[in-house]
Amino acid sequence: FGSRDSLVPVPHQQKARELGYSTSPCIVTTMGANKVVQKSKEAKMKAAMAGGKSRKKKWSKGKVKEKLANMVMFDKATYDKMLKEIPKAKLITPSVVSERLKVNGSVARVAIRHLEEKCLIA
């Protein structure tokens, strides 16, 4: 490439020269710009060391299912409800019995066996 003087100035370069700006493609300066204060080596080292000490991500506990307070024995009202409602149900499983009567799973299994012995369900 030729020397810098041999290049033909573009109109915006001429305007920049008139305003006092440098037209060199490598150096861009503005009038009255303040210098950026450099950090000392010690400050840079402290910043670098502090960067690695960020806290580790804590995992969430996930969705906690609420604890059911199901009965562990039949009372009179629940027993009567079982004899009346459960034989009419389409699907009889310990889960369904437990959910409808609010009893423990083991109580629901015993209830199903009891209904079978009484020939209320097949």
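Bear in mind the structure is a predicted one, so any value in this text is a computation, not a measurement.

Quick notes on the pattern of salt bridges
And then number 1: Scanning all chains against the criterion turns up one salt bridge.
And then number 2: The residue K76 makes a salt bridge to D80 at a minimum N-O spacing of 3.4 Å. Taken together, the residues span about one helical turn, with K76 and D80 both in helix 3 (residues 76-85) at a distance of four residues.
And then number 3: We classify D80 as partly exposed; its relative accessible area is 36%.

Some thoughts on the nonpolar core
And then number 1: Grouped together as the largest cluster of nonpolar side chains are 11 residues: M82, I86, V97, L101, V103, V107, A108, A111, I112, L115 and I121.
And then number 2: The set of elements that each furnish at least two residues to this core consists of helix 4 (94-101) and helix 5 (105-117).
And then number 3: Take this core: its biggest share by element is five residues, from helix 5.
And then number 4: Ignoring any residue separated from it by four or fewer positions in sequence, one finds A111 in contact with F74 and M82.

Looking at the environment of H114
And then number 1: Position of H114 among the secondary structure elements: in helix 5.
And then number 2: Each C-alpha atom of the pair H114 and L83 lies 9.7 Å from the other, and the pair is 31 residues apart in sequence.

Digging into the packing of helix 4 against helix 5
And then number 1: Interhelical geometry of helix 4 versus helix 5 gives an angle of 110° and a closest axis separation of 8 Å. Compared by their axis directions, helix 4 and helix 5 come out roughly perpendicular. In this structure, the crossing between helix 4 and helix 5 has a hand that is right-handed. Here P94, V97 and S98 of helix 4 come into contact with helix 5, specifically with G105, A108, R109 and I112.
And then number 2: Of the residues that constitute the contact of helix 4 with helix 5, the class distribution is four nonpolar, two polar and one charged.

Reading the values: the criteria
Throughout, residues of each chain are indexed from 1 in the direction in which the sequence is written. Where local features are concerned, this predicted model is filtered to residues with pLDDT of at least 70; where side-chain atom pairs are given and counted, the filter is 80 or more; whole-chain, interface and lining totals use all residues. Side-chain metrics rest on all non-hydrogen atoms present in the structure, leaving aside hydrogens and water. Whenever Lys or Arg places a side-chain nitrogen within 4 Å of a carboxyl oxygen from Asp or Glu, that contact is recorded as a salt bridge. Helix numbering and strand numbering both begin at the N terminus, where a helix is a DSSP run of H or I of at least 4 residues and a strand a DSSP run of E of at least 2. Burial classes follow relative accessibility: with a 1.4 Å probe on protein chains only, a residue under 20% of its type's maximum area counts as buried, one over 50% as exposed, and anything between as partly exposed. Definition used in this section: a nonpolar core is a set of buried Ala, Val, Leu, Ile, Met, Phe, Trp, Tyr and Cys residues joined via side-chain atoms within 4.5 Å. By definition in these notes, contact holds between two residues if any of their heavy atoms fall within 4.5 Å. Geometry is summarised by axes, namely lines fitted to C-alpha atoms with helices restricted to the contacting stretch, and by angles between N-to-C directions that run from 0 to 180 degrees. To sort the angles, those under 35 degrees are grouped as roughly parallel, those over 145 as roughly antiparallel, those from 65 to 115 as roughly perpendicular, and the leftovers as oblique. A clockwise turn of the near helix away from the far one marks a right-handed crossing, whereas an anticlockwise turn of less than a right angle marks a left-handed crossing. Note on residue categories: nonpolar means Ala, Val, Leu, Ile, Met, Phe, Trp, Tyr, Cys or Pro, charged means Asp, Glu, Lys or Arg, and polar means any other residue, Gly included.

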